[in-house]
Amino acid sequence: MDMSRTLRIRALLLPSLLLLAGCAAVTLDKDLNLTPEMFAQRQIQTRRFDTTDEQKILKTCAALLQDTGFNIDESETKLGILTASKERDATDPAQWAVFIVGSFFGVAIPPDKDQIMKAFVTTRPVGDSGNQVAVRVVFERIVFDTDNRIKKIEALSDPKIYQSFFEKLSKAVFLEAHDI
Amino acid sequence: MISDRFCKMLLMLIPLLLLAGCMTTHDRLLDMDTSQVQLRSIQSRAFDTTDKEKTMRAIIATLQDLGFMLDRADYTLGVVAASKARADVMQAPGSLRVTVTVRPRGEKQLLVRANAEYMRAPVTEPKPYQNFFNSLEKAMFLEAHQVD
């Protein structure tokens, strides 16, 4: 009797411990401190263009985001910033298969349903005489499950995404994109 | 059967609960638990520059480096608000929100103040702010001065 009770308590403790560990996803000590990984991300997400016209680059970014289905949320030309977002379907057939099989065994994880994709662009003049403009873009997504709960918030860090964004951008401004 | 006295006690308990609710809202709204002066000093740094645009750009660049997404920015008001959240199937969402303001301090300096909120509670310990200002110093190429 006593044994089974302790076991039950332990079984309850485990998931709560997992949740606790999860709280470490964004922490105060880690997330306000620059780490080498963050610099590596900057490398991937930034390109330089040979122009002095920062506004033109920012305008082209806005147009490009619009072309790719984003809605502009916030902008401040004087500071060279632009944020945009779009809501899209996030249904994954594989997750549904796992869900259906799982529900037979009583361990169903609700599959992904919708997602909000966010983009955050900054531009700034760089170089000794300010003859170049650096553009940095960051993409992130928030995934909701079929119960409409947040399931995942993640930075999109695949370099290919950024490569293709900058390829499109350099075509649109008729300028070559340089690595930083 | 429930006694009359018990019923009366129960009735008295309800307004008490309501009252308690009012007080917590009041406390949360004005967050008076830490000394305001002390908190202001923890959250503020002065920089030897008057270039507001450059300072705000450095703040935005720093926040972007730290993986934050921008929520709002206003040059005239000198305000930048950003947030960072991550979640996974195995991880509960963790969120960090920061508002940074820039305003002149005397003739030759700018005062930068940062307010952070972590998991729906104000951040009052000095270390996270120190980390943030250390990161900002690097982007500004300027030293951050402690102010009283």
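Residues numbered from 1 in each chain as written. Chains lettered and ligands numbered in written order. Predicted model: local features only at pLDDT ≥ 70, side-chain atom pairs only at ≥ 80, totals over all residues.

J.: So what about the overall build of chain B? Which residues, and what values?
T.: What chain B contains, in helices and strands, is four helices and seven strands. When the 148 residues of chain B are sorted by exposure, 30% land in the buried category. (Helix = DSSP H or I, 4+ residues; strand = E, 2+ residues; numbered from the N terminus. Buried ≥ 20, exposed ≤ 12 C-beta atoms within 10 Å, placed from the backbone.)

J.: Explain unusual backbone geometry residue by residue, including any values.
T.: We note that Asn148(A) has phi near 65°; this positive angle belongs to a residue other than glycine. Of note in the backbone geometry, Met119(B) takes a positive phi value of approximately 50° without being a glycine. Structurally, Met119(B) is set in the loop between strand 5 (109-118) and strand 6 (121-122).

J.: Which residues make up the pairing of strand 6 (residues 150-155) of chain A, and what values go with them?
T.: Pairing analysis gives five bridges linking strand 5 (residues 132-145) of chain A to strand 6 of chain A, with the strands arranged antiparallel. Residue pairing in the sheet places Arg141(A) in a bridge with Glu154(A) of strand 6 of chain A. (Pairing = 2+ DSSP bridges.)

J.: Kindly report on the packing of helix 3 (residues 52-65) of chain B against helix 4 (residues 126-140) of chain B, identifying the contributing residues and their values.
T.: A packed helix pair is summarised by two numbers, namely the angle formed by the two axes and the spacing between the axes. Residues and elements named next belong to chain B. At a closest axis distance of 9 Å, the pairing of helix 3 and helix 4 adopts a crossing angle of 125°. Viewed along their axes, helix 3 and helix 4 adopt a mutual orientation that is oblique. Considering only the axes of helix 3 and helix 4, their crossing is right-handed. Here helix 3 contributes Thr55, Ala58, Ile59, Ala61, Thr62 and Asp65 to the contact with helix 4, which in turn contributes Ser135, Leu136, Ala139 and Met140. Residue composition of the contact of helix 3 with helix 4, by class: six nonpolar, three polar and one charged. (Axes fitted to C-alpha atoms, helices over the stretch in contact; angles between N-to-C directions. Parallel < 35°, antiparallel > 145°, perpendicular 65-115°, else oblique. Left-handed = near helix turned anticlockwise from the far one by under 90°. Contact = placed C-beta atoms within 7 Å. Nonpolar A, V, L, I, M, F, W, Y, C, P; charged D, E, K, R; others polar.)

J.: Lay out the interface of chain B and chain A with the relevant residues and their values.
T.: On the side of chain A, 35 residues touch chain B, which itself brings 35 residues to the contact. Of all the secondary-structure elements, those providing two or more residues to the side of chain B that touches chain A are helix 3, strand 2 (69-74), strand 3 (79-86), strand 4 (94-105) and helix 4 of chain B. By residue number, the principal contributor to the side of chain B that touches chain A is helix 3 of chain B, which donates seven residues. Taken together, the residues that form the side of chain B that touches chain A break down as 19 nonpolar, seven polar and nine charged.

J.: Give a detailed account of the confidence of the model for chain A, specifying residues and quantitative values.
T.: Across chain A, pLDDT averages 84, with 87% of residues at or above 70. Per-residue pLDDT stays below 50 along residues 12-24 of chain A; that stretch engages in seven contacts with residues further than four places along the chain or on separate chains. (pLDDT = per-residue confidence, 0-100.)

J.: Residues and numbers for the environment of Ala62(A), please.
T.: Residues and elements named next belong to chain A. Its location among the elements puts Ala62 in helix 4 (residues 54-67). Distance from Ala62 to Glu37, taken between C-alpha atoms, is 28 Å for residues 25 residues apart in sequence. If sequence neighbours within four positions are ignored, Ala62 has contacts with Ile72 and Leu82.

J.: Residues and numbers for the nonpolar core, please.
T.: The nonpolar side chains of a soluble globular protein tend to be buried, and buried together. Counting residues in hydrophobic clusters, the biggest one holds 61 residues, and the most contacted among them are Cys61(A), Val135(A) and Ile60(B). Considering every element that reaches this core, the biggest residue donor is strand 5 of chain A, with eight residues. Apart from the residues lying within four places of it in its own chain, the contact partners of Cys61(A) are Leu82(A), Val121(A), Val135(A) and Leu169(A). (Core = buried A, V, L, I, M, F, W, Y, C linked by C-beta atoms within 7 Å.)

J.: Lay out helix 6 (residues 159-173) of chain A in plain terms, naming residues and giving numbers.
T.: All names here are of chain A. The terminal C-alpha atoms of helix 6 lie 21 Å apart, and with 15 residues this matches the ideal 21 Å at 1.5 Å per residue to within 8%. Burial in helix 6 covers these residues: Tyr162, Phe165, Phe166, Leu169 and Val173. Down the axis of helix 6, the smallest arc covering the buried residues is 90°, so these residues share one side. In helix 6, those exposed residues whose orientation departs by more than 90 degrees from the buried face are Lys160, Ser164, Glu167 and Lys171. (Expected span 1.5 Å × (residues − 1). Arc of directions from axis to C-beta.)

J.: Tell me about the packing of helix 4 of chain A against helix 6 of chain A, and please be specific about residues and values.
T.: Residue and element names in this part refer to chain A. It is at 10 Å that the axes of helix 4 and helix 6 come closest, and there the two elements cross at 120°. One way to sum up the angle between helix 4 and helix 6 is to call them oblique. Classified by chirality, the crossing of helix 6 by helix 4 is right-handed. Within the contact between the two elements, helix 4 uses Lys56, Ile57, Thr60, Cys61, Ala63 and Leu64 and helix 6 uses Lys168, Leu169, Ala172 and Val173.

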